Each structure stands twice: as C-alpha cells, then as structure tokens.
Amino acid sequence: MLKKVLKIIFVSLSALTVLAIVLFIIYDEPHPESKKNSGTAADAMARQIQTALNQEAFEKSRYLEWSFQNGNNTYLWDRYRQIVRIQWDDITVNLDLKNSEHSEVIENNQIITGSKKIKIVNTASKYYNNDSFWLVAPFKLFDKGTEKSLVELKDGSHGLLVTYTSGGDTPGDSYLWKIKPNGFPESFKMWVSIIPIGGLEATWEGWQKMESSTYLPTLHKIGPITLSMGEVRAYN
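Residues numbered from 1 in each chain as written. Predicted model: local features only at pLDDT ≥ 70, side-chain atom pairs only at ≥ 80, totals over all residues. Heavy atoms only, no water.

### A few points about the overall build of the chain
- Of regular secondary structure, the chain possesses 4 helices and 16 strands.
- The buried share of the chain, reckoned over its 236 residues, is 40%.
- Considering only contacts in the chain between residues 6 or more positions apart, those separated by 24 or more positions represent 44%.
- When the accessible surface of the chain is totalled, it reaches about 13,700 Å², and 54% of it is carbon and sulfur. (Helix = DSSP H or I, 4+ residues; strand = E, 2+ residues; numbered from the N terminus. Buried < 20%, exposed > 50% of the residue type's maximum accessible area, 1.4 Å probe, protein only. Contact = heavy atoms within 4.5 Å. Areas by Shrake-Rupley, 256 points an atom, 1.4 Å probe, with all protein chains shown as cover.)

Here is the structure:
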C-alpha cells in the first residue's frame, strides 16, 4: 500500500514538474531592453497615466478600502495617519507604516505581544506591500528608487518599463506597462523575484471612479486566474 501511495505522489510531482517546464518554455521572456535616452519620454508617459487616473485626487484621498486573496485579506488604510487595519482569519493588525513597533495585534479578541506580535506584524507588512501594490501601483511611478524607460512593443507602440531599485520586500522587480490611448493602464508584464517565469502578464481592469474622484482598479486577470480587489473605495 505504501509503495502504491509513494508511486502516486511521485507521478503527481513529476507531472507538476513537466507542467512547470512547459509553462516556462512557452511563457518565459527575457527582460526587455530599454530604448536609449528615453527617460524624459518615459516620465511623460508616467505622468499621462497619473493624469488619467487623477493623481491629485488620489493624493487627497484619506481612506482606501479593498480586499485581496478572494476577500481573505481586508484593508482600511488611513493615509494621513499611515495606519492600515488588516484583517485575516481571526487576526486584526493595526499596522503602523511609520514605526512597525507601534503596531497593534489582536487575535481572537486578545491583544498579542512579544515575539508572536513581531511575527504577525511582519506577516501583515508583507501582505500590505503585495496587496496594496495591486491597487495603487500606477500612483507609485515616481516613488523614490524607481527607474523608468520606454520599451518598443511588438505592435510598434511603446510601453513604460518601471524598475523598483529599493523599497518593498523585493527590490529589483520590473514591470512593463501597456496603456490605452486615454492613458489608463491596460496591463503589465512582470519580471519579479517571486515568479520564475519572466514576462507574465496581468491585466488592470474594472476601473471605477471613487468617491474622492480618483480611479482605482477592481480586478486583474493572469491567464485563467482572476484577482478580485473586492469592494474598492477611496474617500476623505
């Protein structure tokens, strides 16, 4: 019986390995080459995106609400106080973005302290860094540590390549944005450390005008996978 179980496990793992290799061969793309001396034009494209999405209204939006991972992680971000309430399972973290030591952790209605608190705060910080990026990445195009350039796409148009050289959990990650004529992001391709396949494409869609008049996305698609941002809100 044990031999049979081990054989099934081995066959399953082998099938997954073959599938991963096939996906890698089909989808993996090398990191794109930037057009020389395109920094000024890249900045202009980045501003076009932010103008279309009403960056000014975004900056004035005090509160952002959304969810991620099929609603398992929910967020209320007070951008003025730089406090994010993150909830998952039976845990609530009031994450202090300015000083994580001041964060508060509650699990099953009990305040958590000590080493367990530190561990949960670190998890919450990673959740926030990833999940907020899928909401507000277009508004971070001029953040400190960003490098921007243009890349010629297959159809002859240009995409905006943005590399984050610092900040977050994975500095060095690159994203190639494709935008619509009206300036709204349509998709980006990713060259990121946590995904072994280069050039994996994710859509940016379901754009909605928020209460504060900025625009935010409500979903993304990566192949057959849909990432919902839940009920998205931005207000003062």
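### Some remarks on helix α4 (residues 114-136)
- In this model, α4 (23 residues) spans 32 Å end to end at C-alpha, consistent with the 33 Å of a helix rising 1.5 Å per residue.
- Every buried residue belonging to α4 is among Lys117, Ile120, Val121, Ala124, Tyr128, Asp131, Ser132, Phe133, Trp134, Leu135 and Val136, and all of these are buried. (Expected span 1.5 Å × (residues − 1).)

### Considerations on the sheet that holds strand β3 (residues 83-88)
- The strand order across the open sheet formed by 7 strands is β6-β5-β4-β3-β2-β1-β16, and the pairing between neighbours is antiparallel. Edge positions in the sheet fall to β6 (110-111) and β16 (233-235), since each of these pairs with one other strand and no more.
- Across 3 bridges, the pairing between strand β1 (residues 63-68) and β16 is antiparallel. Bridging from a neighbouring strand, Tyr63 pairs with Tyr235 of β16. (Pairing = 2+ DSSP bridges.)

### Looking at the pattern of salt bridges
- Taken as a whole, this structure holds 9 salt bridges when the rule is applied.
- Asp78 serves as the salt-bridge partner of Arg62, at 3.0 Å between the closest nitrogen and oxygen. Of the two residues, Arg62 is situated in the loop between α3 (55-59) and β1 and Asp78 in strand β2 (residues 73-78); the sequence distance between them amounts to 16 residues.
- With relative accessibility at 24%, the residue Arg62 sits in the partly exposed group.
- As a salt-bridge pair, Arg233 and Glu65 come within 3.6 Å of each other at their nearest N and O atoms. Of the two residues, Arg233 sits in strand β16 while Glu65 sits in strand β1, which places them 168 residues apart along the sequence. (Salt bridge = Lys/Arg side-chain N within 4 Å of Asp/Glu carboxyl O.)

### Comments concerning the packing of aromatic side chains
- Under the definition given, this model contains 19 aromatic pairs.
- On the basis of an interplanar angle of 65° and a centroid distance of 6.4 Å, the ring pair of Trp66 and Trp77 is categorised as edge-to-face. In this pair, Trp66 sits in strand β1 while Trp77 sits in strand β2, placing the two residues 11 residues apart along the sequence.
- The structure contains a cluster of three or more aromatic residues connected by ring pairs, namely Phe133, Trp134, Tyr164, Tyr175, Trp177, Phe184, Phe188, Trp204, Trp207 and Tyr215. (Phe/Tyr/Trp six-rings, centres within 6.5 Å; stacked < 30°, edge-to-face > 60°.)

### Regarding the nonpolar core
- Ranked by size, the top nonpolar core spans 51 residues in total, and within it Leu64, Trp134, Leu160, Trp177 and Phe188 carry the most contacts.
- With 8 residues, the top contributor of residues to this core is α4.
- Residues in contact with Leu64, not counting those within four places in the same chain, are Phe58, Tyr75, Leu76, Trp77, Arg79, Leu135, Val136, Leu216, Arg233 and Ala234.
- One finds Val151, Leu153, Leu161 and Leu176 within the second-largest nonpolar core, a separate group that totals 5 residues. (Core = buried A, V, L, I, M, F, W, Y, C linked by side-chain atoms within 4.5 Å.)

### Remarks on the sheet that holds strand β10 (residues 185-191)
- Strand order in the open sheet formed by 5 strands is β7-β8-β9-β10-β11, and the pairing between neighbours is antiparallel. One side of each edge strand has no neighbouring strand; the edge strands of this open sheet are β7 (146-152) and β11 (200-203). This sheet shows a mean twist of 25° between the axes of neighbouring strands, independent of strand direction.
- Inspection of the sheet shows β7 paired to strand β8 (residues 158-164) by 7 bridges, in the antiparallel sense. Paired with Glu152 across the strands is His158, a residue of β8.
- Docked against the sheet, helix α2 (residues 39-52) engages β7, β8, β9 (174-179) and β10, running at close to 100° with respect to β7. (Axes fitted to C-alpha atoms, helices over the stretch in contact; angles between N-to-C directions.)

### Observations concerning the pairing of β8
- Here β8 lies mainly inside the structure; 6 of its 7 residues are buried.
- The loop that links β7 with its antiparallel partner β8 comprises 5 residues; one of these, Gly156, has a positive phi angle of about 90°.

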